Structures are given as C-alpha cells and as structure tokens.
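Topology and contacts: notes
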Amino acid sequence: MSTDAPRRRRADAARNAERITRTARAAFAEAGGGVTLEEIAQRAGVGLATLYRHFPSKEKLVREVVEELMREEIEPAITRALAEPDPLRGMSVMLETVLALGSGQPGILATAKDAGALTADLASRFIEPLTRLMRNAQAARQVRADLEPDDLVRILGMLLSTLRPAGEPDEGWRRSLVLLLDALRPDGATPLPPAAPPARC
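Worth saying up front: this structure is predicted, and the values here are computed from it rather than measured. (Residues numbered from 1 in each chain as written. Predicted model: local features only at pLDDT ≥ 70, side-chain atom pairs only at ≥ 80, totals over all residues. Heavy atoms only, no water.)

**Side note on the nonpolar core**
Put simply, the rule reads: We define a nonpolar core as any set of buried Ala, Val, Leu, Ile, Met, Phe, Trp, Tyr and Cys residues linked to one another through side-chain atoms lying within 4.5 Å. For every residue, the accessible area obtained with a 1.4 Å probe (protein chains only) is divided by the maximum for its type, and the residue is called buried under 20%, exposed over 50%, and partly exposed between those limits. The numbering of helices and of strands both runs from the N terminus, where a helix is a DSSP run of H or I of at least 4 residues and a strand a run of E of at least 2. We call two residues in contact whenever any of their non-hydrogen atoms come within 4.5 Å of each other.
Of all hydrophobic cores here, the largest spans 52 residues; its most connected members are Ile-20, Phe-28, Ile-40, Met-91, Phe-126 and Leu-184. Those elements that provide at least two residues to this core are α1 (4-31), α2 (37-44), α4 (58-83), α5 (87-104), α6 (106-114), α7 (120-139), α8 (149-161) and α9 (172-183). Ile-40 has contacts with Ile-20, Thr-23, Ala-24, Ala-27, Phe-28, Val-35, Leu-51 and Leu-61, leaving out every residue within four places of it along the chain.

**Here's the deal with the packing of α5 against α9**
The criterion, for reference: Axis angles are defined between N-to-C directions and span 0 to 180 degrees, where every axis is a line fitted to C-alpha atoms and, for a helix, only to the segment in contact. Throughout this description, any angle smaller than 35 degrees is read as roughly parallel, any larger than 145 degrees as roughly antiparallel, any in the 65 to 115 degree range as roughly perpendicular, and the remainder as oblique. Crossings are sorted by hand: turned counterclockwise from the far helix by less than a right angle, the near helix makes the crossing left-handed, and turned clockwise it makes it right-handed. Three categories are distinguished: nonpolar for Ala, Val, Leu, Ile, Met, Phe, Trp, Tyr, Cys and Pro, charged for Asp, Glu, Lys and Arg, and polar for the others, with Gly belonging to the last.
Axis separation between α5 and α9 bottoms out at 11 Å; the angle between their running directions is 150°. Compared by their axis directions, α5 and α9 come out roughly antiparallel. When the axes of α5 and α9 are compared, the crossing they make is right-handed. Only Trp-173, Leu-177 and Leu-181 of α9 make contact with α5, whose side of the interface consists of Leu-88, Ser-92, Leu-95, Glu-96, Leu-99, Ala-100 and Ser-103. In terms of residue class, the contact of α5 with α9 is built from seven nonpolar, two polar and one charged.

**Concerning the UniProt feature "DNA-binding region" (unreviewed entry) in the chain**
Basically, it comes down to this: UniProt positions are given in the numbering used here, feature names are shortened, and annotations may be inferred rather than shown by experiment.
This chain's UniProt record puts "DNA-binding region" (unreviewed entry) on residues 36-55. Counted over residues 36-55, helix gives 75% and strand 0%. Its end C-alpha atoms are 13 Å apart.

**A closer look at the pattern of salt bridges**
Operational definition: Salt bridge criterion: a side-chain nitrogen from Lys or Arg within 4 Å of a carboxyl oxygen from Asp or Glu.
Within the structure shown, the criterion is met by 18 salt bridges. For the salt bridge of Arg-63 with Asp-121, the shortest nitrogen-to-oxygen distance reads 3.2 Å. Taken together, the residues span a long stretch of sequence, with Arg-63 in helix α4 and Asp-121 in helix α7 at a distance of 58 residues. Using a relative accessible area of 45% as the deciding quantity, one classes Asp-121 as partly exposed. One salt bridge connects Arg-125 with Glu-67, and the closest N-O pair in it is separated by 3.0 Å. Separated by 58 residues along the polypeptide, Arg-125 in helix α7 and Glu-67 in helix α4 bring together distant segments of the chain.

**As for the UniProt feature "domain: HTH tetR-type" (unreviewed entry) in the chain**
According to UniProt, the positions carrying the feature "domain: HTH tetR-type" (unreviewed entry) are residues 14-73. Split by type, residues 14-73 is 82% helix and 0% strand. Its first and last C-alpha atoms lie 21 Å apart.

Right, dumping it as structure tokens:
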C-alpha cells in the first residue's frame, strides 16, 4: 500500500500534464495566443494551481505543445523522409509536413513564435536531417550543387509567410512548393550570388 499511493499520484500527475498540453494545443489552434491559462485550466478540467505546478509560465506550456507537435507530427515525417529512396522526395515530405501544420493550425505557429518557443535547438532537429537529404539530392544531381541549407530555411520561411490566417482554407502552398522544388533542379540553373549569412531559424 505504501508504494501504491505515490505511484498513483505520479500517474495522476502525468495524466493531468498530458490533458493540459492537449487542451492547450487545441485552444491555441483555435484562438491563438490570446487564450489565457485560466481558460486552458477550465477546459482541461483541472485547477489553475494544478496547471501552474506543471507549467509555471505560459511560455513553458507553449514549448511543451511545440514538443508534442515535434514528437507526434514532425519527427515521424522526418523518419519517413530519411527512409525515402529518392532524397528530393524526402525533402518534399519534410517541407510538406511543416507547411501542412502551418496551414491547418496557424494559431499554434503564431503562438509559438510569439512565446519564443521556436528556438535554434528545436529548429536544428528539423534542419539537420533536411540538410542531409539536400546533400544526398546534390550527390544524385537532383538539385543544384550550389544550394545551401540556409537557402532551404529561407524558402520555407517564404512559403510560411504566404499562408492565410486561421479559418481560411488554403492549399495554394502545395503549388508553390512544387514550383520551388522544380526551381532547385540543376538543369539550366543560373549561378547564384555568394551565400549570405544564415537566416535566423
């Protein structure tokens, strides 16, 4: 009995943390960063004190929501992309995943940006495998040899900036992505100017 009670408390705490995170994810997707911690606690069916025990600040909760998205959406896509025999297709899978999330859940992307949750270490977990695929595509002569990882970061940023606000369905990014990937092919490529300093992730 003495060991059962602490185990139950830990299990209850883990369930509460997961419930809060999933509720926050849905709330941010629906209403953006304007939703308050009080509203999230109420929606999750927990007391505000319970929420603060797990997440002492809104920024920490937003970061956990982003981590959950990484675990459930982006990391599986990275695994699929790296398993692709065609590295250019693998690059497309990774870019499509982020753009689909940004298009379908723009409130989360805006909330994460405002809260400073899109950190360099988080970005590197995406950019490093994307760079590996880019180098493989260059070795296979599928993309131009002078392409740099920073070029892909800028391209992704450009595409994300074209997405419409929440509530406005937008699949136009799919056409733009195909056009841009075709533009990376080496056939008829014009030499690029020298690379600029890397863009902020």
